[in-house]
Amino acid sequence: MEKIRVTVWNENVHEKEMPEVAAIYPNGIHGAIADFLNRECDIEAGTATLEMPEHGLTKEVLDNTDVLIWWGHCAHDKVADEIVERVHQRVLDGMGLIVLHSGHASKIFHKICGTRSLNLKWRESGDKEILWTVNPGHPIMKGLNDHIVIEHEETYGEHFEIPQPDELVFISWFEGGEVFRSGCTYTRGKGHIFYFQPGHETFPIYHQPEIQKVIVNAVRWAAPAGGPEMKYGHFPERWVK
């Protein structure tokens, strides 16, 4: 069986600067995500981080990546524009992209969405979050219940300045009263994109089995489906009259 090749990208800044984050994710958020992905028989996951040459996203790495997972927060501006363009072209060519939590403010998600800022409301108060499924037949929901409870999470709230999603998979309620479109899909070119909101660095959210299941399902959904290579421009007449 041919495995889905995943690259998990992370700034890896908080883990170095904040002991409380390193205690939760001693191998980094990227390492934690790659670990549970590699427990799946059909997935092979590696990692890349901001400080690596070309941010670890060389042409060779991306050419051998079926799905890229992106986690970023405090260093969006440090990601080189040429690397963003390289990732974007791979998405258009069919590479899947999963954007997690505050990766909504990343350069690549801005480019995917084509909007100015992706504004939202937020509050770091450790509120309970309930993710409610609004699309139970979607492949990302396979094997899950109709809701997921996260005991403590950073609060995000509407209005979330994103383009209308192709599909809305989750909507979240927070105990402060906010709601948020927390699971959104898009298609750009041949690439499938999933934005998934949970994952604040000071809470052990990526250790939660239901969250892991969502990400595993999203990897399988976002993986390239194959299909023909498209050709554009002048097209000679082919049909016999």
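Model, not experiment: these values are computed from the prediction. (Residues numbered from 1 in each chain as written. Predicted model: local features only at pLDDT ≥ 70, side-chain atom pairs only at ≥ 80, totals over all residues. Heavy atoms only, no water.)

As for the sheet that holds strand β2 (residues 43-49)
Pairing is mixed across the open sheet formed by nine strands, whose spatial order is β2-β1-β3-β4-β9-β8-β7-β5-β6. Each edge of the open sheet carries a strand with a single partner, namely β2 and β6 (147-157). Between one strand and the next, the sheet's axes are offset by a mean angle of 25°, whatever the strand orientation. The pairing of strand β1 (residues 4-10) with strand β3 (residues 67-71) spans five bridges and is classified as parallel. In the strand pairing of β3, Thr7 is matched with Leu68. Against the sheet, helix α7 (residues 209-222) touches β1, β2, β3, β4 (96-100), β6, β7 (167-174), β8 (179-188) and β9 (191-196), its axis set at about 165° to β9. (Pairing = 2+ DSSP bridges. Helix = DSSP H or I, 4+ residues; strand = E, 2+ residues; numbered from the N terminus. Axes fitted to C-alpha atoms, helices over the stretch in contact; angles between N-to-C directions. Contact = heavy atoms within 4.5 Å.)

Details of the environment of His138
Relative to the assigned elements, His138 resides in the loop between β5 (121-133) and β6. Once the C-alpha coordinates of His138 and Val169 are considered, the two residues, 31 residues apart in sequence, prove to be 7.2 Å apart. Once you skip the residues sitting within four places of it in the chain, His138 turns out to touch Glu167, Val169, Thr185 and Trp221. Polar side-chain contacts of His138 include one of 3.1 Å to the backbone nitrogen of Ile140. (Polar contact = N/O pair within 3.5 Å; in protein donor to acceptor, adjacent residues only side chain to side chain.)

Quick word on helix α5 (residues 81-92)
Its twelve residues place the ends of α5 17 Å apart at the C-alpha level, agreeing with the 16 Å of an ideal helix rising 1.5 Å per residue. Taken as a whole, α5 has its buried residues at Ile83, Val84, Val87, His88, Arg90 and Val91. Viewed end-on, α5 has its buried residues packed into an arc of 160°, placing them on one side of the element. Turned more than 90 degrees off the buried face of α5, the exposed positions are Asp81 and Glu82. Packed against the buried residues of α5 are α4 (59-63), β3, β4, α6 (107-113), β8 and β9. Gly94 sits one or two residues past α5 and shows a positive phi near 130°. (Expected span 1.5 Å × (residues − 1). Buried < 20%, exposed > 50% of the residue type's maximum accessible area, 1.4 Å probe, protein only. Arc of directions from axis to C-beta.)

Comments concerning unusual backbone geometry
The residue after Glu158, namely His159, is reached through a cis peptide bond having omega 20°. Relative to the assigned elements, His159 resides in the loop between β6 and β7. The residue Asn12 is not glycine, and still its phi comes out positive at about 60°. Tracing the chain through its elements places Asn12 in the loop between β1 and α1 (14-17).

What to know about the side chain of Ser106
Residue position: Ser106 is located in the loop between β4 and α6. Not counting the four nearest positions on each side in its chain, Ser106 is found in contact with Trp70 and His76.

Details of helix α3 (residues 28-37)
Among the ten residues of α3, nine are classified as buried, and the element is accordingly described as predominantly covered. Within α3, the full set of buried residues consists of Gly28, Ile29, His30, Gly31, Ala32, Ile33, Ala34, Phe36 and Leu37. As for α3, its buried residues are in contact with β1, α1, β2, β3, β4 and α7.

Observations concerning the nonpolar core
Formed by 41 residues in total, the largest nonpolar core has its most connected members in Val6, Leu37 and Ile69. The dominant element in this core, judged by the number of residues it contributes, is α7, at eight residues. By size, the runner-up hydrophobic cluster in this structure holds 32 residues, among which are Trp9, Val91, Phe180 and Ile193. (Core = buried A, V, L, I, M, F, W, Y, C linked by side-chain atoms within 4.5 Å.)

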